[in-house]
Amino acid sequence: MSWYLKVLKNFATLDGRARRLEYWMFTLFDVIFTVLSIVVGAVLGRVLNLDEALNGAGLGLIFCLLYLLVVLMPKLSVTVRRLHDTDRSALWLLVFLIPAIGPLVMLIMMILEGTAGPNQYGPDPKTTVESAD
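These numbers were taken from a predicted model, which means no experiment stands behind them.

Undergrad: Would you explain helix H4 (residues 72-85) in this entry?
TA: Two residues of an α-helix separated by three or four positions point the same way, owing to the 3.6 residues in each turn. Taking 1.5 Å per residue as the helical rise, H4 with its 14 residues ought to reach 20 Å, and the 20 Å between its terminal C-alpha atoms agrees with that figure. Here H4 lies mainly inside the structure; 10 of its 14 residues are buried. Residues Pro74, Ser77, Val78, Thr79, Val80, Arg81, Arg82, Leu83, His84 and Asp85 constitute the buried set of H4. Positioned one or two residues after H4, Asp87 has a phi angle of 65 degrees, which is positive.

Shown next as structure tokens:
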């Protein structure tokens, strides 16, 4: 949970590097909270009988979209910093625009280990964290 909160605190930080652990722990909690927002919204929609008033959209969908809107910038910033860790620029985010293959390429880049030692985007976050302990 601390990794998730760390990313939320640094939501506008696009410089520097993010380790794999930081990125994937944020992603894990993000998926959990997305599912929870859908479930809580759906339950509230049923309890409050709001499904007819929302024309079938469902309160779960609305809660999910609101949550996704709130965490959009933190998601982008941690992804950019993760790309920096692999010595790639933020322009690699445009790979998502390639249908079918783009998200797969991005997934592979997020899985790859970061550049050992400092690179043009800053010091190695692994050695910085390990030396601080």
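Undergrad: Mind showing me how you'd approach the packing of aromatic side chains here?
TA: Aromatic ring pairs are defined here through the distance separating the ring centres and the angle between the ring planes. For the structure on display, the rule yields 5 aromatic pairs. Summarising the aromatic geometry, the rings of Tyr4 and Phe26 are spaced 5.2 Å apart at their centres and angled 15 degrees between planes, so their arrangement reads as stacked. With Tyr4 in helix H1 (residues 2-9) and Phe26 in helix H2 (residues 20-47), this residue pair connects regions lying 22 residues apart in the sequence. The exposure classification of Tyr4 matches that of Phe26, with both residues buried. Pairwise contacts between aromatic rings join Tyr4, Phe26, Phe29 and Phe33 into one cluster.

Undergrad: Could you clarify how one ought to interpret the pattern of salt bridges in this entry?
TA: Pairing between side chains of opposite charge can happen when their charged atoms approach one another. Applying the stated criterion across every chain yields a total of 7 salt bridges. The closest approach of N and O atoms between Glu22 and Lys6, which form a salt bridge, is 3.8 Å. Of the two residues, Glu22 sits in helix H2 while Lys6 sits in helix H1, which places them 16 residues apart along the sequence. For Glu22, a relative accessible area of 2% gives the class buried. Residue classification places Lys6 among the partly exposed positions, given a relative accessible area of 33%. Taking the shortest distance from any N to any O, the salt bridge between Glu113 and Lys126 comes out at 3.5 Å. Taken as a pair, Glu113 in the loop between helix H5 (101-111) and helix H6 (125-132) and Lys126 in helix H6 lie far apart in primary sequence, 13 residues in all. Using a relative accessible area of 51% as the deciding quantity, one classes Glu113 as exposed.

Thresholds, definitions, all that
- Residues numbered from 1 in each chain as written.
- Predicted model: local features only at pLDDT ≥ 70, side-chain atom pairs only at ≥ 80, totals over all residues.
- Heavy atoms only, no water.
- Helix = DSSP H or I, 4+ residues; strand = E, 2+ residues; numbered from the N terminus.
- Expected span 1.5 Å × (residues − 1).
- Buried < 20%, exposed > 50% of the residue type's maximum accessible area, 1.4 Å probe, protein only.
- Phe/Tyr/Trp six-rings, centres within 6.5 Å; stacked < 30°, edge-to-face > 60°.
- Salt bridge = Lys/Arg side-chain N within 4 Å of Asp/Glu carboxyl O.

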